[in-house]
Structure formats: C-alpha cells, structure tokens
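Inside the fold
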Amino acid sequence: MTYSIISIMRQELGLVVIALLVLFFDLVVNEKNKQKVFLIALALFGLHTLAGFFPFEGGNLFGGMYSTQPVHILMKNVLNIGVFLVLLMSASWLKTPQIANKSNEFLMILLTTLSGMYFMISAGDFLMFYIGLEIASIPMAILAAYEKFKSRSEEAGIKFLLNSALSTGFLLFGLSLFYAAAGSIYFDDLTRTLSQPSPLVALALTFLLSGLAFKLSLVPFHFWTADVYEGSPMVVTSYFSVISKGAVAFVLGILLFKVFPVFEGLWQNVIYTLAVATMFLGNLFAIRQKNIKRFLAFSSIAQAGFILLGLLHTDNLGIIVIIYFVLIYILSNLAAFGVAQAVYAASGKENIEDYNGFYKTNPRLALIMMLALFSLSGIPPVAGFFSKFFLFTAAAKAGYYWLVFIAVVNTTIALYYYLLVVKAMFINPNPEPLPTIRSDKYLRSALFITVIGIFLTGILSPVFEYIQAMVDKF
Amino acid sequence: MMSITFHQAVFYFFSAIIVIFSILTVTSKRILRAATFLLFVLLGTAAFYFILNYAFMGALQITLYAGGIVVLIIFSILLTSHVGERFEPIGWGKMIASALVSLIGAGFTLYVLLNADFIPTQAPLPDASVKNIGTALLSYERNGFVLPFEVVSLLLLAAIVGAIVIARKEPHDTENPNNE
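This one's a predicted model, so the numbers in the text were calculated from it and none came from an experiment.

About the cut-offs
Residues numbered from 1 in each chain as written. Chains lettered and ligands numbered in written order. Predicted model: local features only at pLDDT ≥ 70, side-chain atom pairs only at ≥ 80, totals over all residues. Heavy atoms only, no water. Contact = heavy atoms within 4.5 Å. Buried area = accessible area lost by both parts, 1.4 Å probe. Salt bridge = Lys/Arg side-chain N within 4 Å of Asp/Glu carboxyl O. Polar contact = N/O pair within 3.5 Å; in protein donor to acceptor, adjacent residues only side chain to side chain. Helix = DSSP H or I, 4+ residues; strand = E, 2+ residues; numbered from the N terminus. Buried < 20%, exposed > 50% of the residue type's maximum accessible area, 1.4 Å probe, protein only. Axes fitted to C-alpha atoms, helices over the stretch in contact; angles between N-to-C directions. Parallel < 35°, antiparallel > 145°, perpendicular 65-115°, else oblique. Nonpolar A, V, L, I, M, F, W, Y, C, P; charged D, E, K, R; others polar. pLDDT = per-residue confidence, 0-100.

What about the interface of chain A and chain B?
- Taken residue by residue, the interface counts 43 residues in chain A and 35 residues in chain B.
- Taking both sides of the interface into account, the surface hidden between chain A and chain B amounts to around 3400 Å²; carbon and sulfur atoms contribute 74%.
- Three residues stand out in chain A for area buried against chain B, namely Phe62(A), Lys148(A) and Phe149(A), and they jointly supply 17% of the buried area on that side.
- For the pair chain A and chain B, the number of links is 2 salt bridges.
- Asp189(A) is the salt-bridge partner of Arg142(B), the closest N and O atoms lying 3.2 Å from each other.
- Taken together, chain A and chain B are joined by 8 residue pairs in polar contact (both at pLDDT 80 or more).

Quick word on the pattern of salt bridges
All names here are of chain A.
- Scanning the entire structure with this criterion turns up 14 salt bridges over all chains.
- Across the pair Lys159 and Asp227 runs a salt bridge whose closest N-O atoms are separated by 2.8 Å. Remark: Asp227 occurs in helix α11 (residues 223-231) and Lys159 occurs in helix α8 (residues 151-182); sequence separation between them is 68 residues.
- Judged by its relative accessible area of 28%, Asp227 falls in the partly exposed class.

Points about the packing of helix α4 (residues 70-95) of chain A against helix α21 (residues 461-472) of chain A
Residue and element names in this part refer to chain A.
- Contact geometry of α4 with α21 gives a least axis separation of 7 Å together with a crossing angle of 140 degrees. By the angle class used here, α4 and α21 are oblique. On the side of α4, the interface is formed by Pro70, Val71 and Leu74, while α21 contributes Tyr466, Ile467, Met470 and Val471.
- When the residues that make up the contact of α4 with α21 are grouped by side-chain class, the tally is 7 nonpolar, no polar and no charged.

A short note on the confidence of the model for chain B
All names here are of chain B.
- Chain-level statistics for chain B give a pLDDT mean of 85 and a share of 92% at 70 or above.
- Per-element confidence in chain B is highest for helix α6 (residues 146-167), whose mean pLDDT is 92, and lowest for helix α7 (residues 171-175), whose mean pLDDT is 57.
- The ipTM assigned to the predicted complex is 0.87, against a pTM of 0.91.

Side note on unusual backbone geometry
- Of note, the amide linkage connecting Val219(A) to Pro220(A) takes the cis form, showing an omega dihedral of 5 degrees.
- Positionally, Pro220(A) belongs in the loop between α10 (199-215) and α11.
- With an omega dihedral of 10 degrees, the bond running from Pro380(A) to Pro381(A) counts as a cis peptide bond.
- Mapped onto the fold, Pro381(A) is located in the loop between α17 (363-377) and α18 (383-397).
- The backbone of Asn53(B) sits at a positive phi, close to 70 degrees, despite the residue not being glycine.
- Mapped onto the elements of the fold, Asn53(B) is located in the loop between α2 (31-51) and α3 (55-80).
- Assessed through its relative accessible area of 68%, Asn53(B) is described here as exposed.
- In this structure, Asn143(B) is a non-glycine residue whose phi angle is positive, near 65 degrees.

Now the structure itself:
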C-alpha cells in the first residue's frame, strides 16, 4: 500500500474533492457570490471529465474490494459526459428564486450520488457494491423532493425513498443468500466457489435481479417510475432517466458477465422475459401519455428493455454495445429533456398539447427535439440508428432471432409515438403557440453538444473503436 | 435424535418472538404501537448475536437500533402525528392478496433454503473481540473494511446536507397554496 492508491482511485477522489469543495465554498463565500460556486463546480467537473480520458491501466486495491480497469474508467467517463450536460442544463433552474438559496447543496448531493455510481461500478465485493448503490439512491430521494414547495415533488421524493427501500431489501436478502452459498462476498471468491447452478444460487440471483430491476425500472418493477419522473424537477428527472439508469445497466452487465458467467443458463431466460415485457409495456403506455415528462418516463422504460438485449451476448461484444447504446441514449434523451426544460423554464408548460405549432415560433428547438426523438427511435442517419443496430446484431449473434424480431416490432411502435410529438410540433395547428424561447447560454451550449454528439457518435467509427479497444483490455 | 438442546430452545424462543412481533408491527392499526412492537423485533435480533457469542454486535444492535433508531422513530411520530390516530382499515381483498403473496414467497424461499446443501466451513471461528473488530475496520488488506467505512461517511454527509435542505423553513414554502 503506497501512494499508488491516489493514482488508482483518482476518479473517485477527484469527484469527492469537487463535491466537498462545493460545500466548502458555499460556506465561506458571502450571499452575493453564492451563484458563482456553480461556475467553479462546472469548471472543475469539466476538467474532471476531460482528465478521465487520459489513458490509464487501472489496478486493484483493498484486497480486491476495489478494482478499476480501462472498461470501468470508460463507463465512468460516459456517465461524466452525461452529468456535465445535466449540470449545464440545470443552470437556469438553479437560478430560480425558490431554488437559488439551496443550489450549491444540490450540486454537492448530485456529485455525491455520482461518486456512489463510481464505487458501484468499481466494486470488487458486494459490500462496496451495496454501499455504492445506496449512495446513488438515498440522496436521489432528496433531489426528487427538491421543489418541496410543490406537493407533487414531495410525493415523488417519498415514493422514490419507499420503493428504493423495498428494492434494497430484496437485493440485500439476495446478497445474504450468496454469502450463505459461497461463504464470501468478494466477487473473485464467488466466481471460484460457485461453479454449479443450485436452487439456492438461483433464488439469490432472483432477489439480486429483482432489486436491480427496480432501480432500472424494468417491467414489472416499474410502477414508481412515471410518478417519480413526473413529480421531480425536470433536471432531476433527466438525471434519473439517463445517469442512474445508465449506471445500473453498466453494473448489471459487469455482475452478469464477470461474476455470474457460469449461471448464464439461469439468468438469460429471466433477462429475455424482462426485455420482452419491458419493451412492450413501456411502449404501449408511452402512447397514452399527455405529459411530456411521463411520456419520456415510459419511453425510458422501453429503452431499458432494449439495453437488456445487449446482456444476452455474453462476451465483450455485449459490454461494448451496452456502453455504446448508453452513450447515445444519454445524448439523445438529454437533448429531448433539454428542450422540455427550456419550454418549462420559459412557460411552465409540460404537456404534449402545448407543443402544438412549436416549430412556427421556435424552429431550432423543434428541430433539436425532432433529432432527439429520431435518435431515440433509431432512424438513420442519427446515432440512435447505429446503437440499436449494433444491439440487435449482438442479440442476433447470440441466436435470439425471435427477440430481435420482437424488438424491431417495438421499435415501430416507439416510432409511432415519437412521431406523434413531432407531428404536434410541426403539423398540428395552434392559434396560440408557445412564445419564442430564448434560453440561457448554458442550456444552449448543452443542446449544441448533444446535437453534435447525436450526429458524430453514430458516423465516426473511432468512437466505437475506442470503446472496443477499452473493453478488450478488460 | 429429536432431543432439542438448550441452545436450540433459546433460538426457537427468540425466533418466535421475532416472527410474532414482526407480524404485529405491520398489522397494528396504531403507529406508536407498531414502533413499540418493532423494538421487540430488534431486541430479539440482538439476542441472536448473543447466542452466536458475538457480544459486540449484540451490544451494538441494542444501543443503535433498539436504543437509538426506535427512539428516533417514536420522536418523529410524536412530532408529526397524533398518537391516538389510527390507520384506515385495509380492505379484505388487499389483506388476503398480500397475505397470499407473502405466504407463497416465504414458503418458496423456505423450501429452497431447507433443501440447499450448505457446506460447513472448516475455518476456525474468528476471534470477534473488540480489538480484532477495530483492526479489521481499519485494515486495507483483504477482509479489511477501511474503504466501506470511509465511503459510508460520504452517504451520511449527503444525507445530512439533504435532510437540512428538506427540513429547513423557507419563505417560499408558505407562499404556495399547494403546500399543506
């Protein structure tokens, strides 16, 4: 144990230092300058995001309790990009009078939950995995209830807290069964000792998967999603739907591929069933939604169903397509949320009806929304097409032709409701369309980054090759 | 073969206490009673640690859970609601459905657990003295816990900051008619 710990854990340490600095600055600066802490946090986090891309080999610490490899660093980098965009989008919301006096606490809590996701991704045993998961979920309830002057936001907070407590209970019981079966909670011990599928292991795996399915809001564990997404502040909803979801998808991939590969026969059927149920229910319910946040909530449930397809191809290709899909999903979904955020900040409206005739007054925002929705549904030439295509290829290579067929059917259903929003913006007449919106420079630059990303991540093959190179070192 | 040792008898006694009071906790109509029943569940769990000769954990369980957390729960009940308040009665349909789900779930889990062949460990019982626990808590070797020990403090910090933000009175709170 030397100073190597600082270099191996540098991403976690850096992030924790930023979070603590935000708290510290909030305490020492005077009232006038409180808003400037946001700029410091944004700049530091931007540097942190860039620093993550320096090549680094990784290593193990604490007797295998913490391990980081290039692939883990890549996952954290993908999350960093998303969080950076969320921070940019939150600038105008943090300035609103009701939020302004607690904006720095918001940043600190947000960054802490991200550090929980880091620890969860880098966990080498179930204890660290569990603590990371808790850091990533308990403070999230606070973020959901951040607009506590609205009863819907309070409701979202308490709903999330109770649901997450229930799912954590399932998960912990599963972990205790793993300990009973293997006598250890270290991942390397588990892979060594548990070589035969047994009913006990199947039961433990079921509880573990149910707990994670709650967090990933897979059907039938999705009931909390729509209410929490609708009630939370828009920024928090976007954080929920892309960052939390992406992190849990990564962790699910790591656990299934690296810790339980021998039980492939056990969990593949479960993942198959969950994927089919999640895609169908998420899509069918999305059609009925009138509120843009609920709409995006159900669309994100359906997207989680697509992510599961990648889990069925159990070698590196599976991990590669999941990271690629999550990266593009983060960019496209954040673009959609960014436009919704701009509309909400300017007019307080969040129904799909309100978007009628949006193109007339806000052509650029309408185009960005259209691009984002095309990317979410997977229309070429935007990136969403490529990520879905690779995902389907991976599932087909693993021999799941029927599942790919079902997924294609679902893509068509999804296209229908995404186009409904596009139709509202471009075709539906509206005598009183929304006024022309001029959003602040942070939101505009975030939207700019997402649009560039939506085009380039699909077309530029170096992106995919970079992910491939990182994963192959795993 | 069927003779029950003293150890087992004590185990079953405390198990019965835990099961009965757990059911009472979730079925009780009064929230303060539910909290009191929970206290007995936590005390019963502490008894398990003493049976296993893990006195340190037993003491922790009593001081932290039975002593600290239940008192916290009771305080927050007394501060936020009327003691005499009763929950709305739950409909029979819901009651039967949830009882069925719990029974099937518990039965299935029990069936699997009773049929599982656990491998008895050959390793000698670890010395659970306070000194060893303290060393393990700050050890960075395998089976050391310094990383989780430190990382949990992050969770606590975020939770404390968040709790202050949520609980703090603000001028905007009263302006909004939506807020009760």
